[in-house]
Amino acid sequence: MARYEIIGGKPLEGEVTISGAKNAVVAILPAALLVDGVCRIENVPDISDVRILLNMLEDLGAKVERDGTDTVIIDSTNITSTTPAPELVKKMRASYYLMGALLGRFGKAHVALPGGCNFASRPIDQHIKGFAALGADVDETDEYVALQPGPNGLQGNRVSLDVVSVGATVNIMIAATLLPGQTVIENAAKEPHIVDLANFLNTMGAHISGAGTDTVKIRGVESLRGGTYTIIPDQIEAGTYMAAAAATGGNVLVKNVIPKHMECITTKLEDMGVKVIIYDDAIRIIAPERLHRTTVKTRPYPGFPTDMQAQICVCMAIASGISRLTESVYETRFFGYCTELESMGADILITGKTATVTGQERLHGATVKANDLRAGAALIIAGLSAEGVTTVENIHYVERGYERIIEKMTALGAQIKRIED
Ligand code: UD1
């Protein structure tokens, strides 16, 4: 088992370049299964979720090339299976996008239920509702979801989501792209990666409009051709480095970002006393002497992302005054990291959906466990800002979503190393 060892207390300084967005790429790689030809996808981060997904595509019969750069070439012309290997599917959450992709391209799919970060119960009823509305016959068990055309065949339809779900929006968009007729998704998620997926599919010949609003329209096309597409920068990776700069009293230029995607995060950091300078595709973070208290409520985009909850909580834990952090997407997410932060000296009181965080002068080093991807990122930030040595265990979660994190943090002056037992 590998772990990170961090000697804290040093402000981060310098520049960091943000990689391609994990949540966009884990939707776009499965969507490449719809394409009858060769897709060249650029700015693909080298993270374990991507490696697993590429293995799954290869296992289904796709030809996958990765030449050591950030470009991946996928040829899905000769797919031979509609049953992805369960042992791979179970390794990550976003493998459920193979349901929409295989249903859309081949009219059938047999996909094991996915694994991934277990920070909450994560139902997929809205995905299933979408597939059924498109005419699929759905056989759902505790182990798998099997899809095939229902009595009237597969075709576009109107789907109104009961909850704003990124995953369901993505899956229905992918499934509907090649179906006859028009699909309208109402109450759709608006996250930047939804727009990125639509742009990818449209580049390959799809007709999708409205992505980024709460109504997405997909006019089915007969086939998609190959092409080249570049993944957007990762909003959450950028936010994580911004929070790390703020928490360590640093001064960091975060490069290769789309500042518009960062507004909900920059606004909160400014509220905490951080000086934020915005350039065309970069953001400089200059931390104050001490962060100020604030109030944050997570919401679907364009609100403050739930995937930044844990990182902002670390900033609150060392800010002056009492902060309030309310989670409205995944209520149980606090339990993934708050106890660990408490063992580093944080004072956090959780009542229902809200954490009341009483800021301390400093946290102190401890041995802590990452229980999910973003919790792991937050513990790294805590370790960097704390006095003494912090050991973060269970780092496979972190490596699911942060490309070259040790290299990037070290370049900013962090004292962090990966230790393999
Ligand atoms: C995606 C992101 C994840 C992020 C989350 C919320 C990816 C690969 N993952 O996860 O990093 O934390 O969005 O921004 O993009 N829900 C249902 N039924 C469903 C689907 C969802 O009730 O069928 C509920 C969930 O329990 C949750 C809310 O809807 O309370 C939002 O979930 P959703 O947007 O679907 O999250 P994911 O797509 O799993």
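Anything mentioned here points back to the structure above.
Please read these numbers as outputs of a predicted model, since none were measured by experiment.

(A) Geometry of the pattern of salt bridges. For the structure shown, the criterion picks out 19 salt bridges. Of the charged contacts, one joins K408 and E237 as a salt bridge, the two residues approaching to 2.7 Å between their closest N and O atoms. With K408 in helix α14 (residues 405-411) and E237 in helix α8 (residues 235-247), this residue pair connects regions lying 171 residues apart in the sequence. The same class applies to K408 and to E237, which are both buried. Sharing partners across several salt bridges, the network here consists of E399, R418 and E420.

(B) Focus on the sheet that holds strand β4 (residues 63-66). Strand order in the open sheet formed by four strands is β4-β5-β3-β13, with mixed pairing between adjacent strands. Edge strands, defined here as strands with exactly one partner in the open sheet, are β4 and β13 (227-230). Direction aside, neighbouring strands of the sheet carry axes that sit 15° apart on average. Direction of pairing for strand β3 (residues 38-42) relative to β13: parallel, over a ladder of four bridges. Residue pairing across strands places C39 opposite G227, the latter belonging to β13. Contacting β3 and β13, helix α7 (residues 192-203) runs over the sheet at an angle of about 165° to β13.

(C) Quick look at the packing of aromatic side chains. Going through the model one piece at a time under the given rule, you end up with two aromatic pairs. Their ring planes at 80° and their centres at 5.8 Å tell us that F200 and Y229 sit as a pair that is edge-to-face. Here F200, found in helix α7, pairs with Y229, found in strand β13; they are 29 residues apart in sequence, far enough to count as distant.

(D) Just the packing of helix α4 (residues 97-106) against helix α6 (residues 166-176), in detail. Running from N to C, α4 and α6 point in directions that differ by 15°, and their axes come no closer than 7 Å. Taken together, α4 and α6 sit at an angle that is classed as roughly parallel. In this structure, α4 crosses over α6, and the sense of that crossing is right-handed. Counting all contacts with α4, which are made through Y97, M99, G100, A101, L103 and G104, the residues of α6 involved are V166, G167, V170, N171, I174 and A175. Of the residues that constitute the contact of α4 with α6, the class distribution is eight nonpolar, four polar and no charged.

(E) Region of interest: α8. Taking 1.5 Å of rise per residue, 13 residues should cover 18 Å, and α8 covers 18 Å from first to last C-alpha, within 8% of that figure. Across the 13 residues of α8, 13 count as buried, placing the element largely inside the fold. The N-capping residue of α8, defined by a side-chain oxygen 2.9 Å from the backbone nitrogen of I236, is D234. Just beyond α8, the residue with positive phi is G249, at close to 70°.

(F) Layout of the environment of M272. Mapping M272 onto the fold places it in the loop between α9 (259-271) and β15 (275-278). By relative accessible area, which is 0% here, M272 ends up buried. When the C-alpha positions of M272 and L179 are compared, they lie 48 Å apart, and in sequence the two are 93 residues distant. Once residues within four sequence positions are removed from consideration, M272 is found in contact with P288, R290, L291, H292, T294, I312, C315, M316 and A319.

(G) Quick look at the site of the ligand. Near the ligand lie 22 residues; those nearest to it are Q126, S165, V166, D307 and V329. Note that an oxygen atom of the ligand is positioned 2.7 Å from one of the backbone N or O atoms of V166. Here an oxygen atom of the ligand sits 3.4 Å away from a polar atom, N or O, in the side chain of R333. When the ligand sits alone it has 740 Å² of accessible area, and the protein chains cover 87% of it. Elements represented by at least two residues in the shell around the ligand include exactly α1 (22-31), α5 (125-133) and α6.

(H) Just the packing of α8 against α9, in detail. Running from N to C, α8 and α9 point in directions that differ by 15°, and their axes come no closer than 10 Å. The pairing of α8 with α9 is recorded here as roughly parallel in orientation. In terms of crossing hand, the pair formed by α8 and α9 is right-handed. Two secondary-structure elements touch here, α8 through Q235, A238, G239, M242 and A246 and α9 through H261, M262, C264, I265, T266 and L269. Among the residues making up the contact of α8 with α9, the classes are represented as seven nonpolar, four polar and no charged.

(I) Representation of a negative patch on the surface in the model. On the surface, a cluster of negative charge is made up of D125, D137, D139, E140 and D142. No other element matches the three residues that strand β7 (residues 136-140) contributes to the negative patch. When you line up the elements, D139 lands in strand β7.

Conventions adopted
Sequence order as written defines residue numbering, which begins from 1 separately in each chain. Only residues with pLDDT of 70 or above have their local features reported here, since the model is predicted, and side-chain atom pairs are shown and tallied only from 80 upward, although totals for entire chains, interfaces and linings are computed over all residues. Calculation of side-chain values draws on the structure's entire complement of heavy atoms; hydrogens and water are dropped beforehand. Put simply, a salt bridge is a Lys or Arg side-chain nitrogen that is within 4 Å of an Asp or Glu carboxyl oxygen. In this description a helix means any DSSP run of H or I spanning at least four residues, a strand means any run of E spanning at least two, and both kinds are numbered starting from the N terminus. Whether a residue is buried, partly exposed or exposed follows from its accessible area with a 1.4 Å probe, protein chains only, as a fraction of its type maximum: under 20%, in between, or over 50%, in that order. A pair of strands is labelled paired if DSSP reports no fewer than 2 bridges between them. Working convention: axes come from line fits to C-alpha atoms, limited for helices to the stretch in contact. Angles between N-to-C directions cover 0 to 180 degrees. By the convention used here, residues are in contact when the closest approach between their heavy atoms is within 4.5 Å. Two rings from Phe, Tyr or Trp (for Trp, the six-membered ring) form a pair when their centres sit within 6.5 Å of each other. Planes less than 30 degrees apart are called stacked, planes more than 60 degrees apart edge-to-face, and all others tilted. Orientation labels follow simple angle bins: below 35 degrees gives roughly parallel, above 145 gives roughly antiparallel, 65 to 115 gives roughly perpendicular, and whatever is left gives oblique. Should the near helix be turned anticlockwise from the far one by less than a right angle, the crossing is left-handed, and should it be turned clockwise, the crossing is right-handed. Charged means Asp, Glu, Lys or Arg here, nonpolar means Ala, Val, Leu, Ile, Met, Phe, Trp, Tyr, Cys or Pro, and polar covers whatever is left, Gly included. What a helix is expected to span follows from its residue count: subtract one and scale by 1.5 Å. Polar contact is defined as a pair of N or O atoms within 3.5 Å, subject to the rule that within protein one atom must be able to donate a hydrogen and the other to accept it, and that residues adjacent in sequence are counted only when both atoms are side-chain atoms. What makes a residue near a molecule or strand is one non-hydrogen atom of that residue sitting within 4 Å of it. Note that accessible areas follow from Shrake-Rupley with a 1.4 Å probe, and for residues the cover is restricted to the protein chains shown. Each patch groups residues whose relative accessible area exceeds 30% and which form no salt bridge, using 9 Å between like charges and 5 Å between nonpolar side chains of Val, Leu, Ile, Met, Phe, Trp and Tyr. Positive: Lys, Arg. Negative: Asp, Glu. His and the chain ends are not part of the count. Note on charges: their place is set at NZ of Lys, CZ of Arg, CG of Asp or CD of Glu.

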